[in-house]
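An overview of the molecular structure
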2 protein chains.
Amino acid sequence: MASYVALSGGVGGAKLALGLTHLLPPQDLTLVVNTGDDFEHLGLHIAPDLDTLMYTLSGLSNPDTGWGRAGESWQCLDALAELGGETWFRLGDRDLSVHLQRSLRLRAGVSLSDVSAELYTALGIRHRALPMSNQAVRTQVHTDGGTLAFQHYFVRERCAPRVTGFSFEGAATAQAAPGVLEALRAPDLAGVIICPSNPFLSIDPILAVPGVRDALQQCTAPVIAVSPIVAGLAIKGPTAKIMEELALAQTAAAVAAHYGTLIDGFILDETDRHLAAQISTQTLRVSCAQSVMVTLDDRINLAHTALDFLRTF
Amino acid sequence: MASYVALSGGVGGAKLALGLTHLLPPQDLTLVVNTGDDFEHLGLHIAPDLDTLMYTLSGLSNPDTGWGRAGESWQCLDALAELGGETWFRLGDRDLSVHLQRSLRLRAGVSLSDVSAELYTALGIRHRALPMSNQAVRTQVHTDGGTLAFQHYFVRERCAPRVTGFSFEGAATAQAAPGVLEALRAPDLAGVIICPSNPFLSIDPILAVPGVRDALQQCTAPVIAVSPIVAGLAIKGPTAKIMEELALAQTAAAVAAHYGTLIDGFILDETDRHLAAQISTQTLRVSCAQSVMVTLDDRINLAHTALDFLRTF
């Protein structure tokens, strides 16, 4: 038996995660998902990355927007606007059912990981996705206009403020959710894949949960990351903009440098092949692949590449 | 100046309340609304009678169902069903916005009466509707199968269990919402109208709030009730069935007897004119009217009749 762990944020990470689920049986894959973007909104617990992954794996995701559900309607939010309620965070009618059910179960004392398992199972997903923690870890975005909660930065302010740094409120006292550290310490662990998610906003919060970074450092299996930056552009979201604001080169090389000795391998997009020599070191091997995932085949192919790469260590 | 108070439950009461708002300016009418049907569902505070009245007064009500909103959709609940969530209480997508906003405001510490005022105002309603109390008073239905919370009896069990009695949990320690007792004690109070709502399930909870019954007994203005029973039939809801189960005659006379000395006048439907002599006493006058309200004109006409009747005392 060989088991794998993948760390994932939202859209980009979910694409590769979907590919992995096509290649690995449920018992061989544990997805660990960022919950630093979670927030309370309209009295509901919103877990954007857990939901994006859930909708992606269950085939319910909206391929046009990259977030939310296909065939969504907006009756509730339209009516809420008439009441003067907050509508900057777009919650579709069908999506709302998830937030209602999750919030109800959380208030009943059920853990986030158990609620997520219930929701994923209800939607027919057999692979295991774990929130990074059952405690609240909330990404704070420090900007030249002050500190913003992640969704306020990301959705309400549309990433406009200039970023100066990040912090993960609650991380120091949070615990990894049941199963996370166990998966990273499994005797049959054959590899860890850091999905092509935003390193600062999607992966760093996971690494900030006590025990996770150490488990990655200490595991004997190889850890690889897939670059979310291709040809100096973020495939999705504000990664490149943030890197510029943090005075980092907007390159895959800077992403690899950010992960540093945590990773043993790095997957570059073919278009960035010229960076391979610059990135590779005695302890970091580089592989190139078609990493822009448009079709399902792209997702499966990249997952194949990642698993093949892991097997070369 | 002459002010009026109307006590109302849901559908039937809301119809007459709508008629009254067409005849009285906002400052001359206070609607006091049953909240004994309120309950927590899916983590939301649902206030069926406040909402039925709000939708009726704002023109948003669904004329076909008698509850909920016109042009409603059910995407959220359909998706919730796929998640295994509770769907026996039908919450439409647009209706949900009200429950979300109310629950959010209540959790922020705003009182039910203030939240209701915000919601009514947002929907353009200028007349004042007060919940009977800002504290939880919860109607319990005692049946041969045990005690049920009101909505479980009314919606989930569809009024099937045989009723043996009612109690109003929390009533003893509740306070009338701000404005309720003041309206009943107003020096210019010209009359109180008990709308044609279920006496046991919609009006008795209001009367159970400390101070309300006394204020009605002590006010010098006349108190009249409009019979919800016409020709032995409840115009809406389970009133007649409940009266049978409580071994009461299913007649307007039994409703008048239920209110007893609380009321000074009683409006019977024309079809029940033969009961007038039986009902009227030295302290209870009876008036007959077309009380089945199908059109808006019916609502306004019955409101006219009630106000005219009050002016004869």
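In what follows, the accompanying structure is described. Computed from a predicted structure; not experimentally measured.

Within chain A, the regular secondary structure consists of 13 helices and 14 strands. A globule of 313 residues ought to have a C-alpha radius of gyration of about 20 Å, and chain A, at 19 Å, matches this closely. Expressed along its principal axes, the backbone C-alpha trace of chain A runs to roughly 60 × 45 × 40 Å. Put simply, chain A has 313 residues, and 51% of those count as buried. A separation threshold of at least 6 residues defines the contact pool for chain A, and within that pool the share at least 24 residues apart is 66%.

With that settled, consider the pairing of strand β7 (residues 146-149) of chain A. As judged from the four bridges shared by strand β6 (residues 138-143) of chain A and β7(A), these two strands associate in the antiparallel manner. Its bridge partner being in β7(A), T143(A) is matched across the sheet by G146(A).

The next point concerns the interface of chain A and chain B. Contacts between the two partners involve 23 residues from chain A and, on the opposite side, 23 residues from chain B. Counting residues per element, the ones that place at least two in the side of chain A that touches chain B are α3 (75-82), α4 (93-107) and α5 (112-122) of chain A. It is α4(A) that provides the largest number of residues to the side of chain A that touches chain B, a total of 10 residues. Counted by class, the side of chain A that touches chain B contains 11 nonpolar, eight polar and four charged residues.

Moving on to the packing of helix α1 (residues 11-23) of chain A against helix α13 (residues 296-311) of chain A. All names here are of chain A. Between α1 and α13, the least distance of the axes is 7 Å, while the angle of their chain directions is 75 degrees. What the angle tells us is that α1 and α13 run roughly perpendicular. Residues K15, L16, L18, G19, L20, H22 and L23 of α1 form the contact with α13, whose participating residues are R299, I300, L302, A303, H304 and L307. For the contact of α1 with α13, the class distribution of residues is eight nonpolar, three polar and two charged.

Of the transformation superimposing chain A on chain B, the axial component is 0.0 Å and the angular component is 180 degrees, with the fit at an RMSD of 0.0 Å. When the rotation and shift are considered jointly, the pair of chain copies conforms to a two-fold rotation axis. Distance from the rotation axis, computed per C-alpha, reaches its smallest value in chain A at D93(A): 3.2 Å. The residues that chain A uses at the interface reappear at the interface of chain B in 100% of cases, marking a shared surface.

The subject of this paragraph is unusual backbone geometry. A positive phi is found at C159(A), a non-glycine position, where the angle reads about 60 degrees. Looking at the element boundaries, C159(A) is found in the loop between α6 (150-156) and β8 (163-169). In this model, A231(B) sits at a positive phi of 55 degrees, which is unusual for a non-glycine residue. Tracing the backbone through its elements, the reader meets A231(B) in the loop between β11 (229-230) and β12 (233-234).

Soluble, globular proteins show a tendency: their nonpolar side chains are buried together. Among the nonpolar cores identified, the biggest contains 182 residues, and I194(A), I224(A), I194(B) and I224(B) are the most heavily contacted of them. Contacts of I194(B), omitting those with residues within four sequence positions, involve L7(B), I203(B), V223(B), I224(B), A225(B), V226(B), Y259(B) and I263(B). By size, the runner-up hydrophobic cluster in this structure holds 10 residues, among which are V141(B), F150(B), Y153(B) and I242(B).

Every other side chain in a regular strand lies on the same face of the sheet, so the side chains alternate between the two faces. Residues and elements named next belong to chain A. For strand β2 (residues 29-33), the buried fraction is high: five of the five residues fall into the buried class. Alternating positions in β2 separate into two faces, L29, L31 and V33 on one and T30 and V32 on the other, with burial throughout. By the bridge criterion, five bridges tie strand β1 (residues 3-8) to β2 in an arrangement that is parallel. Residue pairing for β2: L7 is matched across the bridge by V32. Here β2 pairs with strand β5 (residues 128-131) via four bridges, running parallel. Of the residues in β5, the one forming a bridge with V32 is L130.

What counts, and where the lines are drawn
Residues numbered from 1 in each chain as written. Chains lettered and ligands numbered in written order. Predicted model: local features only at pLDDT ≥ 70, side-chain atom pairs only at ≥ 80, totals over all residues. Helix = DSSP H or I, 4+ residues; strand = E, 2+ residues; numbered from the N terminus. Rg over C-alpha atoms; globule rule 2.2 N^0.38 Å. Buried ≥ 20, exposed ≤ 12 C-beta atoms within 10 Å, placed from the backbone. Contact = placed C-beta atoms within 7 Å. Pairing = 2+ DSSP bridges. Nonpolar A, V, L, I, M, F, W, Y, C, P; charged D, E, K, R; others polar. Axes fitted to C-alpha atoms, helices over the stretch in contact; angles between N-to-C directions. Parallel < 35°, antiparallel > 145°, perpendicular 65-115°, else oblique. Least-squares fit on C-alpha atoms with pLDDT ≥ 70 in both. Core = buried A, V, L, I, M, F, W, Y, C linked by C-beta atoms within 7 Å.

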